[in-house]
Amino acid sequence: MNVLDALSTRYSARAYKPQPVEKEVLLKIMEAALRTPSWADTQPWEIFIAGGEVLSRLRRAFLARHGEGLPIQPDIPRPQDWPPALQRRMAEMVAHGLKVRGLAPDDEEVRRQSLRRNFEFFGAPAVLYLCQDRSLTPYSVFDLGMMAMSIMLAARELGVDSIPAVNLVGYPDILRAELDIPANLMIVMGLALGYGDPEQLVNKPRTPRRPIGDAVRLKGI
């Protein structure tokens, strides 16, 4: 598989087989991803990976907190508003996913269960947490974004599926206690990793991408 194939076949897997991702495979993914570029080669990422019983405890704690109706409080606050074009694309994504699964758009139980799946970590056997020192600027968040994409592409090469999701880091105090993440590190994003279950309808949707003429402006070329 080349990079273009990995980019075109990667998708956000929202249901996983119970099969664990072998430690050797995880390390191979990370060894490749650590080649990611960064500002002045600062390599600002600190990465924690949870699996097995550790991840089971995190999952139970997240579900309990969610069940109490407590909102997420990620270290990086969620946006309070989006520009209209972005709102439209998010709405289209939701509508497309429901249509593919044959579900009604106004079914509140479906929405409730979909949100709960986030706090179940989508059933993934491993979750990776990307962190950086709190003193760093958004430029380092950009570096972590590149790292996240490197991880997902390396995973795809090895047949491992993924999804980045803010709800995976929604309760940072739980993560710090379980994973010994020091207070000076900001927990930026979570990536679930595993072998996507192709039989699950939630993994069927493939949302369209903006046409190149809409997203890219060429000048002098």
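The preceding data block contains the structure.
Cut-offs applied
Residues numbered from 1 in each chain as written. Predicted model: local features only at pLDDT ≥ 70, side-chain atom pairs only at ≥ 80, totals over all residues. Heavy atoms only, no water. Helix = DSSP H or I, 4+ residues; strand = E, 2+ residues; numbered from the N terminus. Rg over C-alpha atoms; globule rule 2.2 N^0.38 Å. Buried < 20%, exposed > 50% of the residue type's maximum accessible area, 1.4 Å probe, protein only. Contact = heavy atoms within 4.5 Å. Areas by Shrake-Rupley, 256 points an atom, 1.4 Å probe, with all protein chains shown as cover. Expected span 1.5 Å × (residues − 1). Polar contact = N/O pair within 3.5 Å; in protein donor to acceptor, adjacent residues only side chain to side chain. Lys, Arg positive; Asp, Glu negative; His and termini not counted. Salt bridge = Lys/Arg side-chain N within 4 Å of Asp/Glu carboxyl O. Core = buried A, V, L, I, M, F, W, Y, C linked by side-chain atoms within 4.5 Å. Axes fitted to C-alpha atoms, helices over the stretch in contact; angles between N-to-C directions. Parallel < 35°, antiparallel > 145°, perpendicular 65-115°, else oblique. Left-handed = near helix turned anticlockwise from the far one by under 90°. Nonpolar A, V, L, I, M, F, W, Y, C, P; charged D, E, K, R; others polar. Patch = residues over 30% accessible without salt bridge, like charges linked within 9 Å, V, L, I, M, F, W, Y side chains within 5 Å.

A. Region of the structure containing the overall build of the chain. A count of helices and strands for the chain gives 8 helices and 4 strands. Along the chain, helices (α) and strands (β) appear in the sequence α-α-β-α-α-α-β-α-β-α-β-α when read from the amino end. Scaling as 2.2 N^0.38, a compact globule of 221 residues should have a C-alpha radius of gyration of about 17 Å, and the chain matches this with 18 Å. The principal-axis extent of the C-alpha atoms belonging to the chain is close to 55 × 45 × 35 Å. Burial statistics for the chain: of 221 residues in total, 38% are counted as buried. The long-range fraction of contacts in the chain, counting pairs at least 24 apart against all pairs at least 6 apart in sequence, stands at 83%. Of the accessible surface of the chain, which amounts to about 13,100 Å², a share of 57% is contributed by carbon and sulfur atoms.

B. Inspection of helix α5 (residues 108-119) at higher detail. Across its 12 residues, α5 extends 17 Å between first and last C-alpha, which sits within 8% of the 16 Å expected from 1.5 Å per residue. The set of residues buried in α5 consists of Val 110, Asn 118 and Phe 119. The inward-facing, buried residues of α5 contact α3 (52-67), α4 (84-100) and β3 (161-165). Its side-chain oxygen placed 3.0 Å from the backbone nitrogen of Glu 109, Asp 107 serves as the N-cap of α5. Phi for Phe 121, located one or two positions after α5, is positive at around 60°.

C. How the structure looks around the side chain of Arg 156. In this fold, Arg 156 is placed in helix α6 (residues 138-157). Buried Arg 156, no salt bridge; nearest opposite-charge side chain is Asp 161, N-O distance 4.1 Å. The residues contacting Arg 156, other than those within four sequence positions of it, are Met 1, Ala 6, Thr 9, Arg 10 and Asp 161.

D. A look at the nonpolar core. The biggest cluster of nonpolar side chains holds 29 residues, and the ones touching the most others in it are Leu 58, Phe 121, Tyr 129, Leu 175, Ile 181 and Ala 192. Elements supplying a minimum of two residues to this core: β1 (46-51), α3, β2 (126-133), β3, α7 (172-179) and β4 (185-194). At 4 residues, the largest contribution of residues to this core is made by α3. If near-sequence neighbours (up to four positions away) are discounted, Leu 58 is found in contact with Ala 50, Phe 121, Tyr 129, Ile 174, Leu 175, Glu 178 and Leu 179. Within the second largest apolar cluster, 23 residues are counted, among which are Met 30, Leu 130, Met 152 and Met 186.

E. Representation of the packing of helix α2 (residues 23-33) against α6 within the structure. The interhelical angle for the contact between α2 and α6, taken along N-to-C directions, is 135°, at an axis separation of 8 Å. It follows that α2 is oblique to α6 by the angle criterion. In the packing of α2 onto α6, the handedness of the crossing is right-handed. Side by side, α2 and α6 meet where Ile 29, Met 30, Ala 32 and Ala 33 of the first sit next to Met 147, Ser 150, Ile 151, Ala 154 and Ala 155 of the second. Per-class residue counts for the contact of α2 with α6 are 8 nonpolar, 1 polar and no charged.

F. Molecular detail of the side chain of Glu 120. Within the secondary structure layout, Glu 120 lies in the loop between α5 and β2. Using a relative accessible area of 16% as the deciding quantity, one classes Glu 120 as buried. Setting aside anything within four residues of it in sequence, one finds Glu 120 in contact with Arg 59 and Leu 63.

G. How the structure looks around α6. When the terminal C-alpha atoms of α6 are compared, their 29 Å separation across 20 residues agrees well with the 28 Å that a helix rising 1.5 Å per residue should span. Listed in full, the buried residues belonging to α6 are Ser 140, Asp 143, Leu 144, Met 147, Ala 148, Ile 151, Met 152, Leu 153, Ala 154, Ala 155 and Arg 156. At the exit of α6 stands Gly 159, carrying a positive phi of roughly 80°.

H. Region of interest: a nonpolar patch on the surface. A surface patch of nonpolar side chains, about 390 Å² in accessible area, is lined by Val 3, Leu 4, Leu 7 and Met 149. With 3 residues, the top contributor of residues to the nonpolar patch is helix α1 (residues 3-9). Counting through the fold element by element, Leu 4 comes out in helix α1. Looking at Leu 4, the relative accessible area reads 65%, which means it is exposed.

By themselves these figures say nothing about function.
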